[in-house]
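Structural description and commentary
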Amino acid sequence: MNSKVLYKLSYGLYVICSINGTQLNGQIANTVFQISSEPLTIAVSINKNNLTHEYIEKSGVFSVSVLPVTTPLDFIGQFGFKSGRDVDKFAGAAYRTGLTGVPILLENSIGYLEANVVQHLDVATHTLFIGEVVEAEVLGETEPMTYAYYQAVKRGLVPPAAPTYIKPQTMPTGAEGEKHKCTVCGYIYDSAQGDSASGQAAGTLFSALPEAWVCPVCGAGKEEFEALS
Ligand code: FE
């Protein structure tokens, strides 16, 4: 069996939000799709270990925000590589409250769906939640971020809790030893590419990065990186 064929499936990239009383949480997911038109239903797969899973189970409501290609890595890091158990993901985020009480993101979103859970399916490590859509709106016309674009252009990596996570069989290595991996989220700093988002030009060695430089995905400091060689 060659599990690499799974990389050939196409996905988008979304933030799934839910609530627990007055508490808010959200996470990145790529497994969102429409199930039916009449009634309008959607499905999302969420890891059972995630706080958002707990919130959706308790409240029975969730929202889906569609990320555009312009979404910065630190936003994806905030919602995708941190846990709502450790940080308030909505601190500083622009959002409003939807019909069901769930947060609706107003930044880095080209549209949203809000749904009531009508069914759920236990799938070992994950639950597939099926929701009937009660509200939907388009917020922008920027091209949606596909998972392939995120992987290729944003050089994003998948947290191990994601349904589509495939354990790497070989570590990416640089013959020149100029790749460093974030031990928190798995992001790889490649000195050949630099980090344009924070103004680090291609060719900037890891050792030459400012001490204040942080992982563009999860915000970890330089000390959290290890050399790959
Ligand atoms: Fe990181």
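What this report covers is the structure whose coordinates are included nearby. (Residues numbered from 1 in each chain as written. Predicted model: local features only at pLDDT ≥ 70, side-chain atom pairs only at ≥ 80, totals over all residues. Heavy atoms only, no water.)

1. Some thoughts on the overall build of the protein chain
Summing up its helical and strand segments, the protein chain has three helices and twelve strands in all. Here the protein chain has a C-alpha radius of gyration of 18 Å; the compact-globule value for 229 residues is 17 Å, and the two agree. Expressed as lengths along the three principal axes of its C-alpha atoms, the size of the protein chain is roughly 55 × 45 × 35 Å. The 229 residues of the protein chain split such that 45% are buried. Looking at the protein chain alone, contacts between residues at least 24 apart form 62% of all its contacts between residues at least 6 apart. Accessible area for the protein chain stands at about 11,700 Å²; split by element, carbon and sulfur atoms hold 53% of it. Looking at the protein chain, you have 14 positive and 22 negative side-chain charges, and the mean spots of the two groups are 8 Å apart. (Helix = DSSP H or I, 4+ residues; strand = E, 2+ residues; numbered from the N terminus. Rg over C-alpha atoms; globule rule 2.2 N^0.38 Å. Buried < 20%, exposed > 50% of the residue type's maximum accessible area, 1.4 Å probe, protein only. Contact = heavy atoms within 4.5 Å. Areas by Shrake-Rupley, 256 points an atom, 1.4 Å probe, with all protein chains shown as cover. Lys, Arg positive; Asp, Glu negative; His and termini not counted. Charge placed at Lys NZ, Arg CZ, Asp CG, Glu CD.)

2. Examining unusual backbone geometry
In terms of backbone geometry, most residues other than glycine have negative phi values and most peptide bonds are trans. Along the chain, E38 connects to P39 via a cis peptide bond; the corresponding omega equals 0°. Among the structural elements, P39 can be located in the loop between strand 3 (32-36) and strand 4 (41-47). Phi is positive for N108, close to 50°, though the residue is something other than glycine. Tracing the chain through its elements places N108 in the loop between strand 7 (103-105) and strand 8 (111-123). Residue A124 is not a glycine yet carries a positive backbone phi of 60°. With respect to the element layout, A124 can be found in the loop between strand 8 and strand 9 (126-138).

3. Quick word on the sheet that holds strand 11 (residues 188-190)
Hydrogen bonds between backbone atoms are what pair the strands of a sheet, whose relative direction is either parallel or antiparallel. With antiparallel pairing, three strands are arranged side by side in an open sheet as 11-10-12. The two strands at the open ends of the sheet, each matched to only one other strand, are strand 11 and strand 12 (225-228). When the angles between neighbouring strand axes are averaged without regard to direction, this sheet yields 30°. Bridge count for strand 10 (residues 179-182) against strand 11 is three bridges, and the pairing is antiparallel. Residue pairing across strands places H180 opposite Y189, the latter belonging to strand 11. (Pairing = 2+ DSSP bridges. Axes fitted to C-alpha atoms, helices over the stretch in contact; angles between N-to-C directions.)

4. Re the pattern of salt bridges
The full count for this structure, using the stated rule, is four salt bridges. The salt bridge involving K48 is made with D122; its shortest N-O contact spans 2.9 Å. Taken as a pair, K48 in the loop between strand 4 and helix 1 (51-59) and D122 in strand 8 lie far apart in primary sequence, 74 residues in all. A network of salt bridges, in which partner residues are shared, links E54, K58 and R85. (Salt bridge = Lys/Arg side-chain N within 4 Å of Asp/Glu carboxyl O.)

5. A look at the layout of surface pockets
The gaps left among the atoms become clear once a water-sized probe is rolled over them. As a volume, the second largest pocket reaches approximately 270 Å³. If you trace the second largest pocket, you find 14 residues lining it, with L6, L9, Y11, Y147 and T164 closest to the centre. Looking at the lining of the second largest pocket, its residues break down into nine nonpolar, five polar and no charged. (1 Å grid on protein atoms, 1.4 Å probe; cavity = no way out; pocket = protein on both sides within 12 Å on 5 of 7 lines; lining within 4 Å. Points joined across faces, edges and corners; volume = space filled by probe spheres on them. Nonpolar A, V, L, I, M, F, W, Y, C, P; charged D, E, K, R; others polar.)

6. Section: the packing of aromatic side chains
The final tally for this structure, using the stated rule, is ten aromatic pairs. Arranged with centres 5.1 Å apart and planes meeting at 50°, the rings of F75 and F79 form a pair that is tilted. Highlighted residues: F75 and F79, both in helix 2 (residues 73-80), separated by four residues, approximately one helical turn. The exposure classification of F75 matches that of F79, with both residues buried. Between the aromatic rings of F90 and Y95, the centroid separation amounts to 5.1 Å while the plane-to-plane angle is 70°, which identifies the pairing as edge-to-face. For F90, a relative accessible area of 4% gives the class buried. An aromatic cluster is present here, built from F75, F79, F90 and Y95 joined pairwise through their rings. K222 extends its terminal NZ or CZ atom over the ring of F206, reaching a point 5.1 Å from the ring centre. (Phe/Tyr/Trp six-rings, centres within 6.5 Å; stacked < 30°, edge-to-face > 60°. Lys NZ or Arg CZ within 6 Å of the ring centre and 35° of its normal.)

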